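Residue-level structural notes
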Amino acid sequence: MTQIHATDRDGSKHELAGRAGSSLMEILRDGGLAIEALCGGSCQCATCHVFIEEPWLTALQPPTDFEAAALEDQGSEMQANSRLACQIPWMAELDGIVLTVAAEA
Ligand code: FES
């Protein structure tokens, strides 16, 4: 049962299973993708920066001011669909999500 379709920084494709009780960052990191998560998921390092495709992007809660500030402060390319994966709890509504890990800042 694949629930996450992720493209890593090197272009490699990964199929991962969602995991209730975990953040998207934890699932990607544990799946071996290039997610450093230096701050451990406390919304400070932006090393879990991902680009999330529609329709999943609009299914998410909008970023908090804290997340938006962390995204603006990070050095890699920002896009309208930029999010910090540590701020996204896994939920059934994300089934089939398509995302790409952002370039290193
Ligand atoms: S893990 Fe540091 S901001 Fe997400």
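Calculation notes
Residues numbered from 1 in each chain as written. Predicted model: local features only at pLDDT ≥ 70, side-chain atom pairs only at ≥ 80, totals over all residues. Heavy atoms only, no water. Helix = DSSP H or I, 4+ residues; strand = E, 2+ residues; numbered from the N terminus. Rg over C-alpha atoms; globule rule 2.2 N^0.38 Å. Contact = heavy atoms within 4.5 Å. Areas by Shrake-Rupley, 256 points an atom, 1.4 Å probe, with all protein chains shown as cover. Lys, Arg positive; Asp, Glu negative; His and termini not counted. Charge placed at Lys NZ, Arg CZ, Asp CG, Glu CD. Salt bridge = Lys/Arg side-chain N within 4 Å of Asp/Glu carboxyl O. Buried < 20%, exposed > 50% of the residue type's maximum accessible area, 1.4 Å probe, protein only. Pairing = 2+ DSSP bridges. Axes fitted to C-alpha atoms, helices over the stretch in contact; angles between N-to-C directions.

**Thoughts on the overall build of the chain**
Along the backbone of the chain there are 3 helices and 5 strands. Ordered by position from the N terminus, the helices and strands of the chain form the series β-β-α-β-α-α-β-β. Relative to the 2.2 N^0.38 estimate, which gives 13 Å for 105 residues, the radius of gyration of the chain is 12 Å and therefore close to what a compact globule would have. Seen through its principal axes, the chain has C-alpha atoms that stretch 35 × 30 × 25 Å. Long-range pairs, those at least 24 residues apart, make up 64% of the contacts in the chain between residues at least 6 apart in sequence. Of the roughly 5,400 Å² that the chain leaves accessible, carbon and sulfur atoms contribute 51%. The averaged location of the 16 negative side-chain charges in the chain is 5 Å from the averaged location of its 5 positive side-chain charges.

**Brief notes about the pattern of salt bridges**
Applying the stated criterion across every chain, the model contains 4 salt bridges. For Arg83, the salt bridge goes to Glu67, with nearest N and O atoms at 2.8 Å. Of this pair, Arg83 sits in strand E4 (residues 82–84) while Glu67 sits in helix H3 (residues 65–73), placing them 16 residues apart in sequence. Each member of the pair, Arg83 as well as Glu67, is classed as buried. Overlapping salt bridges bring together Arg19, Arg29 and Asp30 as one network.

**Focus: the sheet that holds strand E3 (residues 49–52)**
The strand order across the open sheet built from 5 strands is E2-E1-E5-E3-E4, with neighbouring strands paired in mixed fashion. Here the strands that pair on one side only, and so sit at the sheet edges, are strand E2 (13–16) and E4. Between one strand axis and the next, the sheet turns through 35° on average, direction left out of account. Of the pairings in the sheet, the one linking strand E1 (residues 4–7) to E2 comprises 4 bridges and is antiparallel in character. Its bridge partner being in E2, Ala6 is matched across the sheet by His14. In the packing of H3 onto the sheet, contacts are made with E3 and E4, and the angle to E4 comes to roughly 115°.

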